[in-house]
Amino acid sequence: MDNQQKPGSNNNRGLLIKVAVTALVAGLLGGGIAYGGANYISNRDTTSVPAGSNKSGTASTSNMKVNVSSQASKAFSNVKDSVVSVINLQKENQSSNTLNGILGGSDSSSDSSSSGSLQASSEGSGVIYKKAGNSAYIVTNNHVVSGSNALEVILSNGKKIDAKLVGKDAVTDLAVLKVNSADVSKVATFGNSDNIKVGETALAIGSPLGSQYATSLTEGIISAKKRTVATTDETTNQQTGNATVIQTDAAINPGNSGGPLINLAGQVVGINSMKLASSGTGTSVEGMGFAIPSNEVVSVINQLIKNGKIVRPALGIKYVDLSEISKTQQKSILKLPSSVENGVVIMEKPGSSTPAGRAGLEKYDVITALDGKKISTNSTLRDLLYKYKVNDTVTVTYYHNGNQKTAKVKLTETTSQLNQ
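Figured I'd write up the structure that's included with this text. Note that the structure is predicted; figures quoted are calculated from it, not measured. Position numbers for residues start from 1 in each chain and track the written sequence from start to end. Local features in this predicted model are restricted to residues whose pLDDT is 70 or higher, and side-chain atom pairs enter the listing and the counts only when it is 80 or higher, whereas totals over whole chains, interfaces and linings include all residues. Values reported for side chains reflect all heavy atoms of the structure, with hydrogen atoms and water molecules removed beforehand.

**Remarks on the packing of aromatic side chains**
Line of reasoning, step 1. Note on aromatic contacts: the rings of Phe and Tyr and the six-membered ring of Trp form a pair at centre separations within 6.5 Å, being stacked when their planes are under 30 degrees apart, edge-to-face when over 60 apart, and tilted otherwise. Under the counting rule described, the total for this entry stands at one aromatic pair.
Line of reasoning, step 2. Where tyrosine 129 meets phenylalanine 190, the ring centres are 5.8 Å apart and the plane angle is 55 degrees; that geometry is what we call tilted. Of this pair, tyrosine 129 sits in strand 2 (residues 118-132) while phenylalanine 190 is found in the loop between strand 6 (174-180) and strand 7 (201-206), placing the two residues 61 residues apart along the sequence.
Line of reasoning, step 3. Each residue is placed in one exposure class: buried if its accessible area under a 1.4 Å probe, protein chains only, is under 20% of its type's maximum, exposed if it is over 50%, and partly exposed if it falls in between. Residue tyrosine 129 is classed as buried on the basis of its relative accessible area of 12%.
Line of reasoning, step 4. For phenylalanine 190, a relative accessible area of 23% gives the class partly exposed.
Line of reasoning, step 5. By definition, being over a ring means that NZ of Lys or CZ of Arg is both within 6 Å of the ring centre and within 35 degrees of the ring normal. Its end group placed over the ring of tyrosine 137, lysine 130 keeps NZ or CZ at 5.7 Å from the ring centre. Numbered from the N terminus, helices here are DSSP runs of H or I no shorter than four residues, and strands are runs of E no shorter than two.

**Remarks on the pairing of strand 3 (residues 135-140)**
Line of reasoning, step 1. Counted residue by residue, strand 3 has six buried out of six residues, so it is predominantly covered.
Line of reasoning, step 2. Side chains Ser135, Tyr137 and Val139 project from strand 3 onto one buried face, and the interleaved Ala136, Ile138 and Thr140 project onto a second face that is buried too.
Line of reasoning, step 3. DSSP bridges decide pairing: two strands pair if at least two such bridges lie between them. Across five bridges, strand 2 lies against strand 3 in antiparallel orientation. Across the sheet, residue lysine 130 finds its bridge partner in strand 3, namely tyrosine 137.
Line of reasoning, step 4. Counting the residues that bridge the hairpin from strand 2 to strand 3 gives two residues, and of these glycine 133 lies at a positive phi of roughly 65 degrees.

**Observations regarding the sheet that holds strand 1 (residues 83-91)**
Line of reasoning, step 1. With antiparallel pairing, the six strands of this closed barrel are ordered in space as 1-2-3-6-5-4. Looking at each pair of strands side by side, their axes are set apart by 40 degrees on average, direction ignored.
Line of reasoning, step 2. Across six bridges, strand 3 lies against strand 6 in antiparallel orientation. If you follow tyrosine 137 over to strand 6, its bridge partner there is lysine 178.
Line of reasoning, step 3. Any pair of residues with heavy atoms lying within 4.5 Å of one another is described as a contacting pair. Between the N-to-C directions of two axes lies an angle of 0 to 180 degrees, each axis being a line fitted to C-alpha atoms and, for a helix, fitted only over the stretch in contact. The strands that helix 6 (residues 294-307) touches are strand 2, strand 3, strand 5 (160-169) and strand 6; relative to strand 6, the one it contacts most, it runs at about 55 degrees.

Written out as structure tokens, the structure reads:
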């Protein structure tokens with residue numbers, strides 16, 4: 001006979017009693033200090049509760065004022081009026097069609113550009129950083145404005161105004177908006193993100209969960225100055241490169257995206273962009289938020305103001321990461337040596353006018369390095385490519401039918417953010 005006890009046996013009743021006592025103790029510990037039950041009852045003071053009027057039981061508040069003026073509150077006061085909520089408006093039919101497509105309903109490809117009323121699709125944050133004449137400029141995240149048919153901004157005083165998209169960049173996840181400056185009273189200034197230190201106080205301002213919590217302040221520290229995190233394309237869900245970002249434990253939640261991360265001097269040192277909610281194994285994660293460093297922000301938004309886009313060098317190829325191809329096909333179709341573990345596979349024959357096409361690269365060639373710098377899990381093709389300028393010539397190392405080759409490629413200009 002095994003050691004299992006049947007319901008109703010004495011051992012089971014003993015277990016139930018122990019659980020009940022434990023629960024009681026836990027309840028008492030949660031509510032206050034607990035005393036020994038029987039002793040308390042027999043030894044308690046029996047002084048009676050006084051009778052009579054209860055008029056003297058009225059409570060009141062003190063008139064004493066506490067003057068709290070911390071550096072954090074000063075920094076917040078200096079920036080708060082420049083922080084806004086950004087509302088992404090999309091046409092109603094467009095949202096419905098997209099939802100139907102996801103759910104497997106009606107075809108989501110019908111044209112909704114000429115019909116449907118505008119509806120708030122999502123909200124984020126932004127910060128006004130420049131005022132020039134009757135225009136004011138706001139920096140936010142690209143993913144905050146992505147897919148919008150129109151944009152609105154809610155100023156710190158609660159006034160809602162229209163906004164126009166000046167330019168956006170999916171690679172860095174930044175966008176610039178323009179609004180009428182008539183009601184803009186404050187602009188933020190950028191600090192030097194190279195000067196921040198791990199351990200120094202960091203403040204995040206934004207609209208977590210939407211504009212009903214606008215201008216919320218959270219406090220933390222700089223956890224790391226330069227943390228490398230993978231970035232993915234929203235359309236293909238393919239890793240597109242790596243971003244070097246500031247890590248902070250200041251609370252960042254949905255809606256904080258695009259808002260500023262500031263130092264105690266009230267300077268913007270980063271634009272809040274993302275948070276890590278769980279690890280690759282599904283472990284819940286707290287206190288890991290990331291912001292785009294201010295030095296990169298300034299460089300990108302200046303180009304967006306000037307050109308409305310970011311110009312980057314290109315090879316002129318469409319590709320997938322080698323890890324997406326099975327080991328069997330790597331051997332049978334690509335004919336790769338087993339020693340090749342990282343690279344990108346050209347998935348379409350490059351056009352004759354593209355840099356790769358002119359250099360003789362073909363479909364199913366596998367690029368493994370640029371100028372001797374190998375593609376790896378930490379250095380993607382984009383990471384290596386974007387270190388060059390338009391018209392630079394680079395040496396491309398690649399495999400064609402299993403044979404390693406090199407080619408000189410003169411890079412051309414592209415504004416595409418999906419292919420190289």
